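Descriptive structure summary
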Amino acid sequence: MKKEAERGTPIKLHSVQEKVAKATKVSLRSFGRIKAELDNIKSGMADTFVTPHKERPRRVRKSSMDGFNENVIRPTVHDFYKTEKQRPTLKKILAKVKTCINFDGSVFTLRKVLKKLGFTWGNKL
């Protein structure tokens, strides 16, 4: 557009949108969408531009627990060795935790919680 102004050639109004889209390195369709949004703001139908890919609030997962529940789960796992003299499995721990703190998660959710608490699987001596 600067070159056209320097040369003194007339600007053709039917191709202004194409020139602006090319100069701003935006597709013609995106330029049209932005222009339509601007028209909506000017007419009062919208207050601001829409932000694409905005972070949306996520659902709170069942695996996110407060410190009290975590402090109930940890000794529950250790009690399997001390009092019941058996190896803890996810199903056994889940059954016990459901009665203690009304845990409503699944075996997979419990696995995530145990992993976050630092428990690992295997015979590590």
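This write-up is about the structure you can find in this document. Note that this is a predicted model, so its numbers are computed, not measured.

So, about helix α4 (residues 67-82). Under the 1.5 Å per step criterion, the end-to-end length of α4 is 23 Å for 16 residues, consistent within 8% with the ideal 22 Å. Buried-residue contacts for α4 involve α5 (90-101) and α6 (107-116).

This part is about the nonpolar core. By size, the foremost hydrophobic cluster in this structure holds 13 residues, and its most contacted members are I73, I93 and F103. At the level of elements, α4, α5 and α6 are the ones that each hand at least two residues to this core. It is α5 that contributes the most residues to this core, 4 residues altogether. Setting aside its immediate chain neighbours within four residues, I93 contacts V77, F80, P88, L110 and L114.

This part takes up unusual backbone geometry. Positive phi is not limited to glycine here, since K25 has a value of about 60 degrees. Along the chain, K25 falls in the loop between α2 (16-23) and α3 (28-43). Positive phi outside glycine occurs at N102, with the angle close to 55 degrees. Considering the arrangement of structural elements, one finds N102 in the loop between α5 and α6.

With that out of the way, let us pick up the packing of α4 against α5. Direction vectors running N to C along α4 and α5 enclose 135 degrees, while the axes themselves pass 10 Å from each other. Judged by the angle between their axes, α4 and α5 are oblique. Every pair of crossing elements has a handedness; the one defined by α4 and α5 is right-handed. Within the contact between the two elements, α4 uses N69, V72, I73, T76, V77 and F80 and α5 uses K92, I93, K96, V97, C100 and I101. Among the residues forming the contact of α4 with α5, the class breakdown is 8 nonpolar, 2 polar and 2 charged.

In the structure shown here, the tally under the stated rule is 2 salt bridges. A salt bridge links D39 to K35, with the shortest nitrogen-to-oxygen separation between them at 3.7 Å. One end of the pair, D39, and the other, K35, are both in helix α3, 4 residues apart, so they sit about a helical turn from each other.

Below, the discussion takes up the side chain of E70. As for its placement among the helices and strands, E70 is situated in helix α4. The exposure class of E70 is buried, given its relative accessible area of 16%.

Below, the discussion takes up the side chain of T76. With respect to the element layout, T76 can be found in helix α4. Accessibility expressed as a relative area gives 6% for T76, which makes it buried. At a separation of 2.6 Å, a polar atom in the side chain of T76 contacts the main-chain carbonyl oxygen of V72. Those residues in contact with T76 that sit more than four places away from it in its chain are K96 and V97.

Together, V26, I34, L38 and F49 make up a nonpolar patch on the protein surface, roughly 310 Å² of accessible area in all. Mapped onto the fold, I34 is located in helix α3.

Along the chain, D104 falls in the loop between α5 and α6. The exposed category is assigned to D104, whose relative accessible area is 56%. In this structure, the C-alpha to C-alpha distance between D104 and L94, residues 10 residues apart in sequence, is 9.3 Å.

Cut-offs and rules
- Residues numbered from 1 in each chain as written.
- Predicted model: local features only at pLDDT ≥ 70, side-chain atom pairs only at ≥ 80, totals over all residues.
- Heavy atoms only, no water.
- Helix = DSSP H or I, 4+ residues; strand = E, 2+ residues; numbered from the N terminus.
- Expected span 1.5 Å × (residues − 1).
- Contact = heavy atoms within 4.5 Å.
- Core = buried A, V, L, I, M, F, W, Y, C linked by side-chain atoms within 4.5 Å.
- Buried < 20%, exposed > 50% of the residue type's maximum accessible area, 1.4 Å probe, protein only.
- Axes fitted to C-alpha atoms, helices over the stretch in contact; angles between N-to-C directions.
- Parallel < 35°, antiparallel > 145°, perpendicular 65-115°, else oblique.
- Left-handed = near helix turned anticlockwise from the far one by under 90°.
- Nonpolar A, V, L, I, M, F, W, Y, C, P; charged D, E, K, R; others polar.
- Salt bridge = Lys/Arg side-chain N within 4 Å of Asp/Glu carboxyl O.
- Polar contact = N/O pair within 3.5 Å; in protein donor to acceptor, adjacent residues only side chain to side chain.
- Patch = residues over 30% accessible without salt bridge, like charges linked within 9 Å, V, L, I, M, F, W, Y side chains within 5 Å.
- Areas by Shrake-Rupley, 256 points an atom, 1.4 Å probe, with all protein chains shown as cover.

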